[in-house]
Amino acid sequence: MDHGEFERIRDVLASAGVDEPLSASEIVAVLDEHDVDVESTHRVATVLGRRAESGAVEVVGDDPPYRYRFVDR
């Protein structure tokens, strides 16, 4: 996993003042608003899902679409 992708996603959401859990597609929309290009919604979900394994991200919900909340801000 690219550590830089995670940091970029987290930093953009923090600078946008996003505090609530968002789905990967909602995160992509915020990134697009800030002219940050990402490969795909699937890539965002993969990056954040992997970070959930270490506890840096909380996955909210039992069924898709999952929502993601950053824990280590």
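Rules used throughout
Residues numbered from 1 in each chain as written. Predicted model: local features only at pLDDT ≥ 70, side-chain atom pairs only at ≥ 80, totals over all residues. Heavy atoms only, no water. Patch = residues over 30% accessible without salt bridge, like charges linked within 9 Å, V, L, I, M, F, W, Y side chains within 5 Å. Areas by Shrake-Rupley, 256 points an atom, 1.4 Å probe, with all protein chains shown as cover. Salt bridge = Lys/Arg side-chain N within 4 Å of Asp/Glu carboxyl O. Lys, Arg positive; Asp, Glu negative; His and termini not counted. Charge placed at Lys NZ, Arg CZ, Asp CG, Glu CD. Helix = DSSP H or I, 4+ residues; strand = E, 2+ residues; numbered from the N terminus. Pairing = 2+ DSSP bridges. pLDDT = per-residue confidence, 0-100.

Draft legend 1. Inspection of a negative patch on the surface at higher detail. Residues Asp32, Glu33, Asp35 and Asp37 make up a contiguous surface patch of negative charge. Secondary-structure assignment places Asp32 in helix α2 (residues 24–33).

Draft legend 2. Here's a closer look at the pairing of strand β2 (residues 57–60). Relative to strand β3 (residues 67–70), β2 runs antiparallel, the two sharing 4 bridges. Looking at β3, one finds that Val59 is bridged to Tyr68. The hairpin turn running from β2 into β3, its antiparallel successor, is 6 residues long, and Gly61 in that turn takes a positive phi close to 110°.

Draft legend 3. Fine view of the pattern of salt bridges. On inspection of all chains with the given rule, the structure shows 4 salt bridges. Taking the shortest distance from any N to any O, the salt bridge between Glu5 and Arg43 comes out at 2.5 Å. Linking Glu5 in helix α1 (residues 3–15) with Arg43 in helix α3 (residues 41–54), this pair joins segments that are 38 residues apart in sequence. For Glu26, the salt bridge is made with Arg67, and the minimal N-O distance between the two is 2.3 Å.

Draft legend 4. Geometry of the confidence of the model for the chain. Here the chain shows a mean pLDDT of 92. Residues at 70 or above account for 95%. At the low end of the mean pLDDT range in the chain sits α1, at 93; at the high end sits strand β1 (residues 22–23), at 98.

Draft legend 5. Seen up close, the sheet that holds β3. Taken in spatial order, the 3 strands make up an open sheet running β1-β3-β2, and their pairing is antiparallel. Whereas interior strands pair on both sides, the edge strands pair on one side only; in this sheet they are β1 and β2.

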